[in-house]
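In case you want the letters, here they are:
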Amino acid sequence: MIPDKETKIEKDDSQEGKYGSFAMFDIAHFLNRTLKNWYWFVIMFIIGYAISWVYTKYYAQNVYASSLSLSVSNNTASYFTPNQSINFIWGQGGNQDGIYLKKMLLSRSHNEFLVEELGLYVNYSTKGAIKSTYLDKDDVPVLVQVDTKHLQQVEYPITLVPKGRNQFEVILPDDGHSTNLYSYETEGFTIIQPYDKPEKKIITIGEWFTTPNLRFKLLKNPVTPKLDLQNVIVKLSTVNQAVNEIVSTISIDFDKEINSIMIITKKGYNLNGTVNFLNKSVNQLQKKRQADKLIVDKNTNAYLQENLDKIRKKLDSSAYVLNYMKSTEKLYDIKDRDEKSLNNIKELESKKADIESKISSLNQIRRMLASQNFDKMISTTAAGFQDGMFTATVSELKDLYLKRREMALIYKPNSEPMVEINKLIMDAYTNSNGILGSYYSGYLEEIGKIKTKVGEMNSDLNSYPEKERKYLDAEREYNLVEATYNSLLSRQNETQLKIIGNQSDINVIDPAKNIGQSAIGPNIKAVKAGIIGGLLILPLLFILIGELLDNKIRNIKELLNATRIPLLGVIGNNTNETMLTVLDQPKSSVSEAFRGIRANMRFLSGNDAGSKVILVTSSIGGEGKTYVSINLASVLGLSDKKTILLGMDLRKPKIFGDFRIDNKYGISNYLTGEVEMNQIINKTKIPNLDVATSGPIPPNPSELLMSERNISFIQDLKGLYDFIIIDSPPVGLVADSYELMKYSDTNIYVVRHEYTEKYMLKMITEKYHNAETGNLGLVYNDYNTKQGYGYGYGYGYGYGYGYGYFDEDKNYKEPLLIRIRNKVQEIFNKK
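On a predicted model such as this, the values are computed, not experimentally measured, just so you know.

The rules behind these values
Position labels on residues start from 1 in each chain and follow its written sequence. Local features are withheld for residues below a pLDDT of 70 in this predicted model, meaning they are given only at 70 or higher, and side-chain atom pairs are given and counted only at 80 or more; totals for whole chains, interfaces and linings count all residues. For side-chain calculations, the full set of non-hydrogen atoms in the structure is used, while hydrogens and water are omitted. The numbering of helices and of strands both runs from the N terminus, where a helix is a DSSP run of H or I of at least 4 residues and a strand a run of E of at least 2. Each residue's exposure class comes from its accessible area (1.4 Å probe, protein chains only) as a fraction of the maximum for that residue type: buried when under 20%, exposed when over 50%, partly exposed otherwise. We call two residues in contact when some of their heavy atoms are within 4.5 Å. Residue exposure ignores everything except the shown protein chains as possible cover, and the areas themselves are Shrake-Rupley values with a 1.4 Å probe. Two rings belonging to Phe, Tyr or Trp (six-membered ring only in the last case) form a pair when the distance between their centres is within 6.5 Å. Interplanar angles under 30 degrees mark stacking, angles over 60 mark edge-to-face geometry, and anything in between is tilted. To define a nonpolar core, start from buried Ala, Val, Leu, Ile, Met, Phe, Trp, Tyr and Cys residues and group those joined through side-chain atoms within 4.5 Å. Two N or O atoms count as a polar contact when they lie within 3.5 Å, although within protein this holds only if one can serve as hydrogen donor and the other as acceptor, and sequence-adjacent residues are included solely when both atoms are side-chain atoms. For a helix, the expected span equals 1.5 Å multiplied by the number of residues minus one. Fitted lines through C-alpha atoms serve as axes, helices being fitted only where they are in contact, and the angles separating the N-to-C directions of these axes extend from 0 to 180 degrees. Here roughly perpendicular refers to angles of 65 to 115 degrees, roughly parallel to angles under 35, roughly antiparallel to angles over 145, and oblique to all remaining angles. At least two bridges found by DSSP between two strands are what make those strands a pair. Confidence of the predictor at the level of single residues is captured by pLDDT, which takes values from 0 to 100. By definition, any crossing whose near helix is turned counterclockwise from its far helix by less than a right angle is left-handed, and any crossing with a clockwise turn is right-handed. Asp, Glu, Lys and Arg are counted as charged, while Ala, Val, Leu, Ile, Met, Phe, Trp, Tyr, Cys and Pro are counted as nonpolar; the rest, among them Gly, fall into the polar class. Salt bridges are counted wherever a side-chain nitrogen of Lys or Arg sits within 4 Å of a carboxyl oxygen of Asp or Glu.

Novice: Help me understand the overall build of the protein chain, please; the structure alone is not making it clear to me.
Specialist: A count of helical and extended segments in the protein chain gives 24 helices and 23 strands. In the protein chain, which comprises 831 residues, the proportion classed as buried is 46%. Long-range contacts, defined here as pairs at least 24 residues apart, represent 78% of the contacts in the protein chain between residues at least 6 apart. When the accessible surface of the protein chain is summed, it comes to about 43600 Å², and 53% of that surface belongs to carbon and sulfur atoms.

See the structure below:
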């Protein structure tokens, strides 16, 4: 909207704060900019697709997985193989066996044994023209046997090339041989003296290859490999590296329906390698479980036998006393004997003897626990109970003691790691003792109850004569010892049966097998999507960053909303070689835009009566201020209005070049009094247009422009001309134009598309809305019509190409999207 001169823009406090404020992010321009750069997305897509294809074809290593399922039977009694239902692990019972087995399979000790036993610190691979492939032992023609007593260099590629007749050439890298070598005996590194690079050599199977950093020999593989390999690359790793790599690729789950079934999965780059490892790992676990169970059962049998020997002596002594009384006292039977009470007492005392035997075993377990003598521990069944929590805590305590011994070689006694592990040991010891204490208290409570009942029954026997009471006491003593003996004998028989029938409680249901399983990774689709998506994001990210950092004016609608200053017209891109567009291309759309500006200026300055002083300025140089001044003056001159163009940008004179005028004398000379007014006014090709150039650059341009002589100069010109166009200095650099605006009737502020910074408009906007500057209008310059980014503001016809109306229309070509739209409309309109 172009307001009338008298129109006042009302504003409240909320509006005032918005003047001069632009949006930080222009979504429309961002989308337009993205569409303009569509070819970058196509390029990135092609590059991404090519990279992902090459990666998946030549570099991606397939990952395979094999599984083994086993069941855990509930028939064990060992601190090393806890005996309880696996359901406790999932909150359904009170057993720790499953979690123990899981920890065992993932433990360092178990996997370290496998690494050393199977030589898994020797890694095999082969390399083609581009891609390397990992191999299993069954895939290579020869196996490498490492001399573990010799120092070896790890992570050092050794290439074996077949030469026929059981010979292989050993090729080592040109560089990389190290003096820091690894010992498989101590599992540590040692520094040796520098040595020359080892040379390649051809060796025969069975022959040792020895260098300062390596010692190994080749053994013929008992398994005939299916692959014909051109080379085999061998790399040694440390035991710790091999163990960590294995543990990281194993996962253990429990069957959802039958919780006693474990499913073990191993991932790896070679399917045969995962299969062989799983089967050998579980086979070793079965053997260890059997051995662990035998240790505890044998300890229990020996302990029970020792106690049986002691009880047997007591039993013989009691039998002798009882027989003596029978033979000397002739007490075979007692008249009026209360058999019911005596049987009850016998039963209670037998029960008491059994409990006391269990307490004795319990004390033995306590002593072994306190002395850390785990190898002599007996089964809790000897103490009359089975508790998975106790066996699990004992197993944990045993591992903690072993770990503390290892840490003691590295850390000081009072160091934080040692303090922490001592705390863990104390907690485990307290827990295990607490569990034993609860059983101990229970046994004592039962004995107390038995003693109470026996005491009550003994009162009935006080009526017997002394001689008969002695016989009854001897008989009761014999029965008590006999009951203890029988209890121990029964437990020993049970333990011996376990030893005789000892079998692993681990039963393999489905062994691991190579049935041609397909690779589980990498996810080719995800890799392709990731690579292509990542590259597609790059141009989008650059455009977004550029948009956020870009502070230039690009949107006419946003410009008007932020400044609330009237728009006089939009000037298109100047394709003319000079700034005299109106003169050289009078039928162009740009020339018509200047005519539109001429028509719109009357809304700012009111009626046409009297001369008009029009001041043209901008924020900084380069925004087209002089270009607008020249062509606006040309339009007014061609419309039979006597017009003069004043070059008052004394610091940077420009006008004289396009009009081919000598700038020897100009306004600066006149203002200093060197020449008269008629000496600086120059005629142009347009009869009604005169030009007064700036003249030589003076040392004090601001003082000259603000001088009384300059004000009088403008007043004198008003009597001679209908329009006075002042090409003034940019207001963003100097304040001269603000002072000249006091004497102008219309002020034009030039904003250049994609050149003027948004923050530069804040000052002129504030002055306009504070009524410090009146009759102000904007001219939007250098707008590129091909961008299609004007929101329908057609002031001055500055960007209406394509309708055969202007000279440019003969070279106009519709944008691709417009052509597609028109083609679609043409197809659907055909009925």
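Novice: Before we go on, may I ask you to explain the side chain of Ser-357 in this structure?
Specialist: Relative to the assigned elements, Ser-357 resides in helix H8 (residues 339–370). Not counting the four nearest positions on each side in its chain, Ser-357 is found in contact with Thr-484, Leu-488 and Arg-491.

Novice: I would appreciate a short explanation of unusual backbone geometry in the present structure.
Specialist: Peptide bonds are, in most cases, trans, and in most cases residues other than glycine have a negative phi. Here Asn-166, not a glycine, exhibits a phi torsion of approximately 60°, which is positive. Take Asn-166: it is sitting in the loop between strand E5 (158–164) and strand E6 (167–171). In this structure Asn-166 comes out as partly exposed when scored by relative accessible area, which is 44%. In this model, Asn-775 sits at a positive phi of 50°, which is unusual for a non-glycine residue.

Novice: Help me understand the packing of aromatic side chains, please; the structure alone is not making it clear to me.
Specialist: What characterises a pair of aromatic rings is the spacing of the ring centres plus the angle enclosed by the ring planes. Taken as a whole and judged by the stated rule, the model has 13 aromatic pairs. Here the aromatic rings of Tyr-182 and Tyr-184 are separated by 4.9 Å at their centres, their planes lie at 90°, and the arrangement is edge-to-face. Ring geometry for Phe-385 versus Tyr-439: centroids 4.0 Å apart, planes at 15°, classification stacked. Taken together, the residues span a long stretch of sequence, with Phe-385 in the loop between H8 and helix H9 (388–407) and Tyr-439 in helix H10 (residues 416–458) at a distance of 54 residues.

Novice: Which parts of the structure should I look at to understand the nonpolar core?
Specialist: Across soluble globular proteins, nonpolar side chains have a tendency to be buried as a group. In terms of nonpolar packing, the biggest core is built from 53 residues, with Tyr-124, Val-144, Leu-160, Phe-216, Val-234 and Ile-264 touching the most fellow members. Broken down by element, the residue count for this core peaks at five residues, all from helix H7 (residues 271–329). Once residues lying within four places of it in the same chain are set aside, the contact partners of Ile-264 are Ser-66, Ser-67, Leu-68, Leu-70, Leu-105, Ile-250, Ser-251, Ile-252, Leu-278 and Val-282. Residues Leu-567, Phe-713, Ile-724 and Val-751 belong to the second largest nonpolar core, which totals 43 residues.

Novice: For this particular structure, what's the right way to read the environment of Glu-187?
Specialist: With respect to the helices and strands, Glu-187 occurs in the loop between strand E7 (180–183) and strand E8 (188–191). The class for Glu-187 is partly exposed, based on a relative accessible area of 28%. Distance in space between the C-alpha atoms of Glu-187 and Thr-238 is 7.3 Å, their sequence separation being 51 residues. Setting aside residues up to four positions removed in sequence, Glu-187 forms contacts with Arg-108, Glu-112, Glu-116, Tyr-182 and Val-239. A polar atom in the side chain of Glu-187 sits 3.3 Å from the side chain of Arg-108.

Novice: Can you walk me through helix H16 (residues 625–638) in this structure?
Specialist: Along an α-helix, residues three or four apart share an orientation, since each turn contains 3.6 residues. The terminal C-alpha atoms of H16, which comprises 14 residues, lie 20 Å apart, in line with the 20 Å expected from a rise of 1.5 Å per residue. Of all 14 residues in H16, 13 are buried, a share of seventy percent or more. Note on H16: the residue one or two positions beyond its end, Asp-640, has a positive phi of about 65°.

Novice: What is the right way to look at the environment of Gly-268 in this model?
Specialist: As for its placement among the helices and strands, Gly-268 is situated in strand E14 (residues 261–268). Once the C-alpha coordinates of Gly-268 and Thr-249 are considered, the two residues, 19 residues apart in sequence, prove to be 7.0 Å apart. Excluding residues that lie within four positions of it along the chain, Gly-268 makes contacts with Asn-62, Val-63, Tyr-64 and Thr-274.

Novice: Would you mind going over the packing of helix H13 (residues 556–563) against helix H23 (residues 761–769) with me for this structure?
Specialist: In helix packing, the relevant descriptors are the interaxial angle and the interaxial distance, both defined with respect to the helix axes. One way to put it is that H13 packs onto H23 with a least axis distance of 10 Å and a crossing angle of 45°. Of the possible angle classes, the one that applies to H13 and H23 is oblique. Every residue of H23 that contacts H13 at Leu-559, Ala-562 and Thr-563 is listed here: Leu-761, Thr-765 and His-769.

Novice: Hey, could you run me through the sheet that holds strand E11 (residues 214–220) in this one?
Specialist: In sheet architecture, strand pairing relies on hydrogen bonds along the backbone and comes in two forms, parallel and antiparallel. Ordered by their spatial adjacency, three strands build an open sheet running E4-E11-E10, and the pairing between neighbours is antiparallel. Where the open sheet ends on each side, the last strands, each with one partner, are strand E4 (142–146) and strand E10 (208–211). Mean inter-strand twist for the sheet, computed between neighbouring axes without regard to direction, equals 25°. Relative to E11, E4 is paired through five bridges, and the arrangement is antiparallel. In the strand pairing of E11, Val-144 is matched with Leu-218.

Novice: It is not clear to me how the confidence of the model for the protein chain should be interpreted in this structure. Could you clarify?
Specialist: Caution is warranted with low-pLDDT regions, since their predicted coordinates should not be read in detail. On average, the protein chain scores 81 in pLDDT, and the residues at 70 or more come to 85%. Taking the mean pLDDT of every element in the protein chain, the minimum, 48, falls on helix H1 (residues 13–16) and the maximum, 95, on E11. Across residues 1–16, where pLDDT falls below 50, the model places 25 contacts with residues more than four positions away in sequence or in other chains. In the predicted structure, residues 81–95 sits below a pLDDT of 50 and forms 51 contacts with residues beyond four places in sequence or in another chain.

Novice: Whenever I open this one, the environment of Met-601 confuses me. Can you help?
Specialist: Looking at where Met-601 falls in the secondary structure, it is placed in helix H15 (residues 589–605). Along the chain, Met-601 and Asn-775 lie 174 residues apart, while their C-alpha atoms are 9.1 Å from each other.

Novice: Hey, could you run me through helix H2 (residues 27–36) in this one?
Specialist: For H2, the complete set of buried residues consists of His-29, Phe-30, Asn-32 and Thr-34. Where H2 is buried, its residues contact helix H3 (38–59) and helix H12 (524–549).

Novice: Help me understand the packing of H3 against H12 in this model?
Specialist: Contact geometry of H3 with H12 gives a least axis separation of 9 Å together with a crossing angle of 150°. When the axis of H3 is compared with that of H12, the two are roughly antiparallel. For the crossing formed where H3 meets H12, the hand is right-handed. Facing H3, whose interface residues are Trp-40, Phe-41, Met-44, Phe-45, Ile-47, Gly-48, Tyr-49, Ile-51, Ser-52, Tyr-55 and Thr-56, H12 presents Ile-524, Val-527, Lys-528, Ile-531, Ile-532, Leu-535, Leu-536, Pro-539, Leu-540 and Ile-543. Residues that form the contact of H3 with H12 fall into these classes: 17 nonpolar, three polar and one charged.

Novice: Teacher, can you tell me more about the pattern of salt bridges here?
Specialist: Note on pairing: side chains with opposite charge can pair once their charged atoms come close. In the structure shown here, the tally under the stated rule is 25 salt bridges. The partner of Glu-169 in a salt bridge is Lys-200, with the nearest N and O atoms 3.8 Å apart. Residue Glu-169 is found in strand E6, and its partner Lys-200 is found in the loop between E8 and strand E9 (201–204); the two are separated by 31 residues along the sequence. Judged by relative accessible area, which is 53%, Lys-200 ranks as exposed. With a shortest N-O distance of 2.7 Å, Arg-554 and Glu-754 are connected by a salt bridge.

Novice: Mind showing me how you'd approach the sheet that holds strand E12 (residues 232–236) here?
Specialist: If you trace the six strands from one edge of the open sheet to the other, you get E3-E2-E12-E5-E6-E9, paired in antiparallel fashion. Every interior strand has two partners, whereas the edge strands, strand E3 (132–135) and E9, have only one. Neighbour-to-neighbour, the strand axes of the sheet open up by a mean angle of 35°, direction not taken into account.

Novice: Hey, could you run me through the pairing of strand E20 (residues 689–692) in this one?
Specialist: The side chains of a regular strand alternate, residue by residue, between the two faces of the sheet. Where burial is concerned, the two faces of E20 agree: the one with Leu-689 and Val-691 and the one with Asp-690 and Ala-692 are both buried. By the bridge criterion, four bridges tie strand E18 (residues 643–647) to E20 in an arrangement that is parallel. Following the sheet pairing, Thr-643 is matched in E20 by Leu-689. As paired strands, strand E19 (residues 681–683) and E20 are joined by three bridges and run antiparallel to one another. The partner of Asn-682 across the bridge, within E20, is Val-691. Hairpin connection between E19 and E20: a loop of five residues separates the two successive antiparallel strands.

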